[in-house]
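What follows is each chain in one-letter form.
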Amino acid sequence: MKFLLIVGLLFWSNPALARQDDPKLDELFEQLAETEDFDKAKVIEGSIWKVWLTSGSDTVDFLMLQGVSYMSQGQFAKAISLFSTVIKIDPEFSEGWNKRATVLFLIGEYDSSIEDIGRTLELEPRHFGALSGLGQIYDLQESEEGALSAYEKAVAINPHMPSVKARLERLIIERDKKRI
């Protein structure tokens, strides 16, 4: 029954407008860059994620929520299937690509994850989550320059990610030690 509901929704819905184009994001990114208050930054960051996760299509939003639920339960094949369906319905919705990239990362499919991150960043170059994920992949692949570049871009967009900043600082120190 649930499957029939999903299939029915797919046929009767129109592709969504990609919410990474929402004009509210420009102001939110400005606020994120300007604030020095960590708690305020987290609220702003949450607002950005809320915009990114809202496609404008009830069907896509339903599939995204279900995919995130599967991902959090470790049901990665189901999550990939749903995020792939989201991408098929609305290939201009950056968060569909980003969520599939995340699941691909979790199952160790790094090259495929990098491809989906690339598409995410084409659609939303300010996607600090995708950039930090890209940095993690390059870190795991021991690509120091790739990791440094991705982390630097992520922190430039969102300077309120302590673990990303800490990893970036460690990589810079390691790189500088090699140069001595």
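To start, this report covers the structure provided alongside it. (Residues numbered from 1 in each chain as written. Predicted model: local features only at pLDDT ≥ 70, side-chain atom pairs only at ≥ 80, totals over all residues. Heavy atoms only, no water.)

Quick notes on the nonpolar core
Core analysis: the largest hydrophobic core is formed by 28 residues, its most contacted members being Leu25, Phe29, Leu32, Ile48, Ile117 and Phe128. Going through the elements one at a time, α2 (24-34), α3 (38-53), α7 (110-123), α8 (128-140), α9 (144-157) and α10 (162-179) are the ones with two or more residues in this core. Here this core gets seven residues from one element, more than from any other, and that element is α9. Not counting the four nearest positions on each side in its chain, Leu32 is found in contact with Ala41, Ile44, Glu45, Ile48, Phe128, Ile157, Asn158, Pro159 and His160. (Core = buried A, V, L, I, M, F, W, Y, C linked by side-chain atoms within 4.5 Å. Buried < 20%, exposed > 50% of the residue type's maximum accessible area, 1.4 Å probe, protein only. Helix = DSSP H or I, 4+ residues; strand = E, 2+ residues; numbered from the N terminus. Contact = heavy atoms within 4.5 Å.)

Comments concerning unusual backbone geometry
Phi angles above zero are rare outside glycine, and Glu142 is one such case at about 60°. Locating Glu142 in the fold gives a position in the loop between α8 and α9. On the accessibility criterion, Glu142 (74% relative accessible area) is exposed.

So, the packing of aromatic side chains
Taken as a whole, this structure holds six aromatic pairs when the rule is applied. Residues Phe29 and Phe128 carry aromatic rings whose centres are separated by 6.3 Å and whose planes lie at 75° to one another, so their mutual orientation is edge-to-face. Within this pair, whereas Phe29 is found in helix α2, its partner Phe128 is found in helix α8, the two being separated by 99 residues in sequence. With centroids separated by 5.7 Å and ring planes inclined at 45°, the aromatic side chains of Phe105 and Tyr110 adopt a geometry described as tilted. (Phe/Tyr/Trp six-rings, centres within 6.5 Å; stacked < 30°, edge-to-face > 60°.)

Topic: the environment of Tyr110
Relative to the helices and strands, Tyr110 is located in helix α7. Once the C-alpha coordinates of Tyr110 and Gln136 are considered, the two residues, 26 residues apart in sequence, prove to be 9.9 Å apart. Among all residues touching Tyr110, those that are not within four sequence positions of it are Phe105, Ile137, Leu140 and Gln141.

Notes on the packing of α7 against α8
Packing of α7 against α8 leaves a shortest axis separation of 10 Å and a crossing angle of 155°. When the interaxial angle is binned, α7 and α8 end up roughly antiparallel. Of the two elements, α7 crosses α8, and the hand of that crossing is left-handed. Residues Tyr110, Ser113, Ile114, Ile117, Thr120 and Leu121 of α7 form the contact with α8, whose own contacting residues are Ala130, Leu131, Gly133, Leu134, Ile137, Tyr138 and Leu140. (Axes fitted to C-alpha atoms, helices over the stretch in contact; angles between N-to-C directions. Parallel < 35°, antiparallel > 145°, perpendicular 65-115°, else oblique. Left-handed = near helix turned anticlockwise from the far one by under 90°.)

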